[in-house]
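Residues per chain, in single letters:
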Amino acid sequence: MKWPFSRSKSRKKSEDVSREQDEQTASAPEAADADVVFESRFADLENDDPDIRAEARRLLADDLTSLKMVIHIYQECLNAEPRRASLAGRVLGYKIAKGSDSIILARFTKIMYGVNISFIPCMCGHCGHLNRGIAAPANGPMVAYYGQDDDEGAYATPVLCDKCGREFFVAWDRDPR
Ligand SMILES: [Zn+2]
């Protein structure tokens, strides 16, 4: 007869503790924590371990707040930091292509994310692995493109290979923008 009592008591105590914690973490520190978590997950997109890279991508894609930040990064970094933009683009591509080999046209992306980009599959220029959901300019799927180990071409975008973890380039014959 003793332990059910002590059990309910201990539960009450833990509820008090969690309420106290809620009061301590007001909105500002919470937002700062969220930024730290986001940046560490984003950094994991470049981790040496392919499983960690895949998990980071899944976590970012499944959280709506993170997804909005990823869209923002893609748009902000496209010209100045193409590698960072490309990492962001792969998160968006992962979510929209759902692991398929399909080409996603910009008009669908516009509906889902509000941005004018398409997604394409392309083989890695190093190991030949087919990488899916690579963010590309709107006309990217309509112009011939190749997976290369350099950025030679009318236009090129860097991609971190899902399998070998090395950077290759999707290069287009004509500028697809
Ligand atoms: Zn590769």
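Keep in mind that what you see is a predicted model, and the values were worked out from it rather than measured.

The rules behind each value
- Within each chain, residues carry numbers counting from 1 in the order of the written sequence.
- Where totals are concerned, whole chains, interfaces and linings use all residues; where local detail is concerned, this predicted model gives features only for residues with pLDDT of at least 70, and gives and counts side-chain atom pairs only at 80 or more.
- Secondary structure elements follow DSSP: runs of H or I no shorter than four residues count as helices, runs of E no shorter than two count as strands, and numbering proceeds from the N terminus.
- Residue burial is a threshold on neighbouring C-beta atoms within 10 Å of the residue's own C-beta, all placed from the backbone, with 20 or more meaning buried, 12 or fewer meaning exposed, and counts in between meaning partly exposed.
- Any residue pair is listed as a contact if its two C-beta atoms, each placed from the backbone, are within 7 Å.
- Each nonpolar core consists of buried Ala, Val, Leu, Ile, Met, Phe, Trp, Tyr and Cys residues. Their C-beta atoms, within 7 Å, join them into a set.
- Any two strands between which DSSP finds at least two bridges are classified as paired.
- Here the expected length of a helix is defined as 1.5 Å per residue gap, with one fewer gap than residues.
- Arc, as used here, means the arc of the directions from the helix axis to the C-beta atoms.
- Fitted lines through C-alpha atoms serve as axes, helices being fitted only where they are in contact, and the angles separating the N-to-C directions of these axes extend from 0 to 180 degrees.
- Any angle from 65 to 115 degrees is called roughly perpendicular, while one under 35 is roughly parallel, one over 145 is roughly antiparallel, and all others are oblique.
- Under this grouping Gly is polar, as are all residues other than the nonpolar Ala, Val, Leu, Ile, Met, Phe, Trp, Tyr, Cys and Pro and the charged Asp, Glu, Lys and Arg.
- Crossing handedness is defined as follows: a turn of the near helix away from the far one that is anticlockwise and smaller than a right angle gives a left-handed crossing, while the clockwise case is right-handed.

(A) Representation of the overall build of the protein in the model. Counting secondary structure elements, the protein contains 6 helices and 5 strands. Secondary structure elements of the protein occur, N-terminal to C-terminal, as α-α-α-α-α-α-β-β-β-β-β. A total of 177 residues make up the protein; the buried ones form 27% of that total. Long-range contacts, defined here as pairs at least 24 residues apart, represent 44% of the contacts in the protein between residues at least 6 apart.

(B) How the structure looks around the nonpolar core. In this structure, Ala88, Ile134 and Val170 are the most contacted members of the largest nonpolar core, which totals 31 residues. Among the elements of the structure, helix 3 (50-62), helix 4 (64-77), helix 5 (82-97), strand 1 (117-123), strand 2 (130-137) and strand 5 (167-172) are those that each provide at least two residues to this core. Considering every element that reaches this core, the biggest residue donor is helix 5, with 7 residues. Once residues within four sequence positions are removed from consideration, Val170 is found in contact with Cys122, Ile134, Ala136, Tyr145, Gly147, Ala156, Thr157 and Val159.

(C) Structural context of the pairing of strand 2. Where burial is concerned, most of strand 2 is hidden: 6 out of the 8 residues are buried. One ladder, built from 6 bridges, connects strand 1 with strand 2; its direction is antiparallel. Pairing of Ile120 across the sheet is with Ile134, part of strand 2. Taking the residues between adjacent antiparallel strands as the criterion, strand 1 and strand 2 are bridged by 6 residues, where Gly128 takes a positive phi near 85°.

(D) Seen up close, the environment of Tyr74. Within the fold, Tyr74 resides in helix 4. Taking the C-alpha atoms as reference, Tyr74 lies 9.6 Å from Arg90; in sequence the two are 16 residues apart. Beyond its immediate chain neighbours, meaning those up to four positions away, Tyr74 contacts Ala85, Ala88, Gly89, Leu92, Val115 and Ala135.

(E) Representation of helix 4. Here helix 4 contains 14 residues, and its C-alpha end-to-end distance of 20 Å stays within 8% of the 20 Å for a straight helix at 1.5 Å per residue. Taken as a whole, helix 4 has its buried residues at Val70, Ile73 and Tyr74. Looking straight down helix 4, one finds that the buried residues subtend no more than 100° of arc, so they occupy a single side. Summarising the geometry of helix 4, the exposed residues directed more than 90 degrees from the buried face are Leu64, Thr65, Lys68 and His72. Tucked into the core, helix 4 has its buried residues touching helix 3, helix 5 and strand 2.

(F) Representation of the packing of helix 3 against helix 5. Across the interface, helix 3 lies against helix 5 with an axial gap of 9 Å and an inter-helix angle of 75°. Judged by the angle between their axes, helix 3 and helix 5 are roughly perpendicular. Side by side, helix 3 and helix 5 meet where Arg57, Leu60 and Ala61 of the first sit next to Arg90, Val91, Tyr94 and Lys95 of the second. Taken together, the residues of the contact of helix 3 with helix 5 sort by class into 4 nonpolar, no polar and 3 charged.

(G) View of the sheet that holds strand 4 (residues 155-160). On the basis of which strands lie adjacent, the open sheet formed by 3 strands has the order 3-5-4 and antiparallel pairing. Every other strand in the sheet has two partners, leaving strand 3 (145-148) and strand 4 as the edge strands with one partner each. Taking each pair of neighbouring strands and ignoring which way they run, the sheet shows an average axis angle of 25°. In terms of strand pairing, strand 4 meets strand 5 through 6 bridges, oriented antiparallel. Among the inter-strand pairings, Leu160 is bridged to a residue of strand 5, identified as Glu167.

(H) Structural view of the packing of helix 4 against helix 5. At a minimum axis distance of 8 Å, the contact between helix 4 and helix 5 shows a crossing angle of 145°. Handedness of the helix 4/helix 5 crossing: left-handed. Of the residues in helix 5, those in contact with Val70, Ile71, Ile73, Tyr74 and Cys77 of helix 4 are Arg84, Ala85, Ala88, Gly89, Val91 and Leu92. Split by residue class, the contact of helix 4 with helix 5 holds 9 nonpolar, 1 polar and 1 charged.

These values are about where atoms sit, not about what they do.
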